[in-house]
Number of protein chains: 2
Amino acid sequence: MKNSASLEDLIEALRCLPGVGPRSAQRMAYHLLQHDHEGARQLANTLDKVLTGIKHCEKCNSFTELLVCNLCSSTKRNADLLCIVEMPADLLMIEQTQSYNGMYFVLMGKLSPLDGIGPKDIHLDRLLKRVQDNTVKEVVLATNFTVEGEVTAHYISELLNSMEIKVSRIARGLPTGGELEHVDSGTLAQAVMERREV
Amino acid sequence: MKNSASLEDLIEALRCLPGVGPRSAQRMAYHLLQHDHEGARQLANTLDKVLTGIKHCEKCNSFTELLVCNLCSSTKRNADLLCIVEMPADLLMIEQTQSYNGMYFVLMGKLSPLDGIGPKDIHLDRLLKRVQDNTVKEVVLATNFTVEGEVTAHYISELLNSMEIKVSRIARGLPTGGELEHVDSGTLAQAVMERREV
């Protein structure tokens, strides 16, 4: 005895979501069927709408329904600066800090040779074209401080080396509120090496 | 700066799933858009299909596309026994043990006055009709051993008291492989009280 066929199909379909295994997929399916038909209907419709409507912004490569997203077409942003991030979520994090007013380019990934992800997969051709449009004066590398993120940042900085563009990397060091006693030694070592004059 | 409008809609829609907060909804939305259009399309279609196609079985109240589910219409099951469980997931768990060959009735909930869930909400009227169809000789109460599950089992046993039907409750005690030293005292007390002759 199993669940009914279409219920099994739904459980299977829910497993396309990251972090959802067989048991939580089953719990989700039962929840939707018992308590939230409205939400399930909404989810189905929104998925449909997003899948047909959403594209990548021609300038920053992030998700948008428009040809060029609102941020890229805004006249209030500083077009001299181009911040490079791995994912749209990173872009949102930086926006939340309200400390940056330039433009963005979203790689939608990071270099990862072991996973077969090379320069073409993170749209570096489009990045180069974007950088060469004569507005960008500084590229801010804001990829993660992971091995892949560092490799990606290094690769891009080499790529931009020959052009007359300043390339910078966001700072690494102790987090705000961080205590020397509790920070890992790698971060502390970097913080000492990259010390700034006051 | 926020996500694009339809992406925000999708993130909001994903939150109808149990256990999915704003951050995991965002992660799910990005994942679907970047890596799994196929899965997202499948999910939307299956939700659609399930929402229109699935109903409650006329006999056991579980989910099915049919009027009477496969288990209830099977001739290989023992129609004398009717096992009462809270949720379809509980039914599946019992089926997995392969230790029970009777019929089921799924309450789709449990009595919980504090949440406003009374006898009508767990379909006890339908249960009574099901029990009175002259096939059932024993009702096996397999609700959870939680406060609500116990109250529900007690309420149903009172309800069936006046009829000529045997009512039993699944056993409580130490789990298989359980050690006295590590089991909670409530379970151990019950195991002593409900000891069986060997």
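Procedures and definitions
Residues numbered from 1 in each chain as written. Chains lettered and ligands numbered in written order. Predicted model: local features only at pLDDT ≥ 70, side-chain atom pairs only at ≥ 80, totals over all residues. Heavy atoms only, no water. Pairing = 2+ DSSP bridges. Helix = DSSP H or I, 4+ residues; strand = E, 2+ residues; numbered from the N terminus. Right-handed = clockwise from strand over helix to strand, strands pointing away. Expected span 1.5 Å × (residues − 1). Buried < 20%, exposed > 50% of the residue type's maximum accessible area, 1.4 Å probe, protein only. Axes fitted to C-alpha atoms, helices over the stretch in contact; angles between N-to-C directions. Contact = heavy atoms within 4.5 Å. Salt bridge = Lys/Arg side-chain N within 4 Å of Asp/Glu carboxyl O. Polar contact = N/O pair within 3.5 Å; in protein donor to acceptor, adjacent residues only side chain to side chain. Nonpolar A, V, L, I, M, F, W, Y, C, P; charged D, E, K, R; others polar. Domains from an automatic or database assignment.

**Student:** Can you help me understand the pairing of strand E6 (residues 166–169) of chain A in this one?
**Tutor:** The two faces of a sheet get side chains in turn, since along a regular strand they alternate between them. Residues and elements named next belong to chain A. Relative to E6, strand E5 (residues 138–141) runs parallel, the two being bridged by four bridges. From the neighbouring strand, Val139 faces E6, where its bridge partner is Val167. Read from E5 through helix H7 (residues 147–160) to E6, the crossover connection turns out right-handed.

**Student:** Explanation requested: helix H3 (residues 37–53) of chain B in the structure shown.
**Tutor:** Because an α-helix completes one turn every 3.6 residues, residues spaced three or four positions apart along the sequence face the same direction. Under the 1.5 Å per step criterion, the end-to-end length of H3 of chain B is 24 Å for 17 residues, consistent within 8% with the ideal 24 Å. Among the residues of H3 of chain B, Gly39, Ala40, Leu43, Ala44, Thr46, Leu47, Val50 and Leu51 of chain B are the ones counted as buried.

**Student:** So what exactly am I meant to see when it comes to the sheet that holds strand E3 (residues 78–85) of chain B here?
**Tutor:** The strands that make up a sheet are held in pairs by hydrogen bonds between backbone atoms, and each pair lies either parallel or antiparallel. Residue and element names in this part refer to chain B. Read from one edge of the open sheet, four strands run E4-E3-E5-E6, paired in parallel fashion. Since the sheet does not close on itself, it has two edges, and those belong to strand E4 (102–106) and strand E6 (166–169), each with one partner. On average, adjacent strands in this sheet sit at an angle of 25° to one another, irrespective of strand direction.

**Student:** Is there a simple way to think about the interface of chain B and chain A in this case?
**Tutor:** Size of an interface, as often reported, equals the accessible area lost when the parts are brought together. Every contact between the two is made by 50 residues of chain B and, on the other side, 50 residues of chain A. Inspection of the chain B/chain A interface yields four salt bridges. Residue Arg41 of chain B is joined to Asp48 of chain A by a salt bridge in which the shortest nitrogen-to-oxygen separation is 3.3 Å. Run the count over chain B and chain A and you get 14 residue pairs in polar contact (both at pLDDT 80 or more). When contributions to the side of chain B that touches chain A are tallied by element, the ones reaching two or more residues are helix H1 (5–14), helix H2 (22–35), H3, strand E2 (63–64) and helix H5 (88–97) of chain B. For the side of chain B that touches chain A, the leading source of residues is H3 of chain B, giving 14 residues. Partitioning the side of chain B that touches chain A into residue classes produces 29 nonpolar, twelve polar and nine charged.

**Student:** How do you make sense of the domain arrangement of chain A when you look at a structure like this?
**Tutor:** Domain boundaries in chain A define domain 1 (5–53) and domain 2 (67–197). On a C-alpha basis, the centres of domain 1 of chain A and domain 2 of chain A stand 35 Å from each other.

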